[in-house]
Amino acid sequence: MTQYAFHFDGTRCTGCKTCEMACKDYKDLSVGVAFRKVYEVTLGETKKAEDGTFTTDCVSYPLSMACNHCDDPACTKVCPTGAMHKDAETGLVSVDADKCIGCGYCHMACPYNAPKVDREKGHSVKCDGCAERLAAGEKPVCVEACPARALDFGTVEEMAQKGEQANIAPLPEKHYTEPNLYIKASADAKPAGDTSAKVVNPLEVK
């Protein structure tokens, strides 16, 4: 099996969200549904001194993330019908809409908030790595749309040469699901599991 993976370059990403919008347009997603999301992560504090001046050590960095097509995906483990499955040829995780009953267990289990239940469609939906584009020799639309070339997609061996596996906050530590996401961290990024880094746009990425 060839396992495919995403790469995110935090030193290049400007947080413009073009990747997110390109995905929504290409997949024709409804309002409130997004397969790729850009997290705005902030840490630090601003303090006022006795003389009235202020000092700050606040920093912010973006993180663009979709499904990480994990080696040990939590979503497939809890799916009662086998609708959520990992492709034997590509390692991409996708939903069989004919089998899905819309129970939402996959959404609750995923530490990356990737699957969602689309109530209008009556089943779960998620990033499938643009499997149809991959079959045609193309990369996912989010990757090709990024104006800063902060995203890439290829075999896990190729992406592992570009960065470290899911190594920045607010991501959980990688051992939970072994995600196929490799990251070149920006200078301000905190390590995975660090709770000092807060997501400040939770309504956008929920």
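Residues numbered from 1 in each chain as written. Predicted model: local features only at pLDDT ≥ 70, side-chain atom pairs only at ≥ 80, totals over all residues. Heavy atoms only, no water.

*Asks:* Explain the packing of aromatic side chains to me, and be specific about the residues and the numbers.
*Replies:* Remark: the centre distance and the inter-plane angle together describe each pair of aromatic rings, the angle taken between the planes. Summed over the entire model, instances satisfying the criterion amount to two aromatic pairs. Aromatic side chains Tyr4 and Phe153 sit 5.5 Å apart centroid to centroid with 10 degrees between the ring planes, which places their arrangement in the stacked category. Here Tyr4, found in strand S1 (residues 4–9), pairs with Phe153, found in strand S10 (residues 151–155); they are 149 residues apart in sequence, far enough to count as distant. Each member of the pair Tyr4 and Phe153 is classed as buried. (Phe/Tyr/Trp six-rings, centres within 6.5 Å; stacked < 30°, edge-to-face > 60°. Helix = DSSP H or I, 4+ residues; strand = E, 2+ residues; numbered from the N terminus. Buried < 20%, exposed > 50% of the residue type's maximum accessible area, 1.4 Å probe, protein only.)

*Asks:* Tell me about the sheet that holds strand S11 (residues 164–165), and please be specific about residues and values.
*Replies:* With respect to topology, four strands assemble into an open sheet ordered S10-S1-S12-S11, the strand pairing being mixed. This sheet does not close on itself; its edge strands, each paired only once, are S10 and S11. In this sheet, strand S12 (residues 181–184) lies alongside S11 in antiparallel orientation, the contact comprising two bridges. Residue pairing in the sheet places Glu164 in a bridge with Ile183 of S12. (Pairing = 2+ DSSP bridges.)

*Asks:* Let's hear about unusual backbone geometry: which residues, and what values?
*Replies:* The peptide bond linking Ala169 to Pro170 adopts the cis configuration, its omega dihedral lying at 15 degrees. Tracing the backbone through its elements, the reader meets Pro170 in the loop between S11 and S12. Here the phi dihedral of Cys130 falls at roughly 50 degrees; this positive angle occurs in a residue that is not glycine. Relative to the assigned elements, Cys130 resides in the loop between strand S9 (123–125) and helix H4 (131–135). Residue Cys130 is classed as buried on the basis of its relative accessible area, which comes to 7%. We note that Glu178 has phi near 55 degrees; this positive angle belongs to a residue other than glycine.

*Asks:* Requested: an account of the pairing of strand S5 (residues 59–65), with residues and values cited.
*Replies:* Residues in a regular strand project their side chains so that they alternate between the two faces of the sheet. Of all seven residues that make up S5, five are buried, and the element is covered over most of its length. Across seven bridges, the pairing between strand S2 (residues 37–43) and S5 is antiparallel. From the neighbouring strand, Glu40 faces S5, where its bridge partner is Pro62.

*Asks:* Any chance you could break down the environment of Phe54 for me, citing the residues and the numbers?
*Replies:* Position of Phe54 among the secondary structure elements: in strand S4 (residues 54–56). What makes Phe54 exposed here is its relative accessible area of 54%. Taking the C-alpha atoms as reference points, Phe54 and Thr81, separated by 27 residues in sequence, lie 57 Å from one another. Not counting the four nearest positions on each side in its chain, Phe54 is found in contact with Thr46, Lys47 and Lys48. (Contact = heavy atoms within 4.5 Å.)

*Asks:* Which residues make up the pairing of S1, and what values do they have?
*Replies:* Counting buried positions along S1 yields six of six residues, so the element is predominantly enclosed. On S1, burial covers both faces: Tyr4, Phe6 and Phe8 on one face and Ala5, His7 and Asp9 on the other are all buried. Direction of pairing for S1 relative to S10: antiparallel, over a ladder of five bridges. Across the sheet, the residue bridging to Phe6 is Phe153, located in S10. Bridge count for S1 against S12 is four bridges, and the pairing is parallel.

*Asks:* For the environment of Val38, give the residues involved together with the corresponding values.
*Replies:* Here Val38 lies in strand S2. The class of Val38 is buried, set by a relative accessible area of 2%. C-alpha separation for the pair Val38 and Gly104, spaced 66 residues apart in sequence, amounts to 22 Å. Ignoring any residue separated from it by four or fewer positions in sequence, one finds Val38 in contact with Gly15, Lys17, Cys19, Glu20, Pro62, Leu63, Ser64, Asn201 and Val205.

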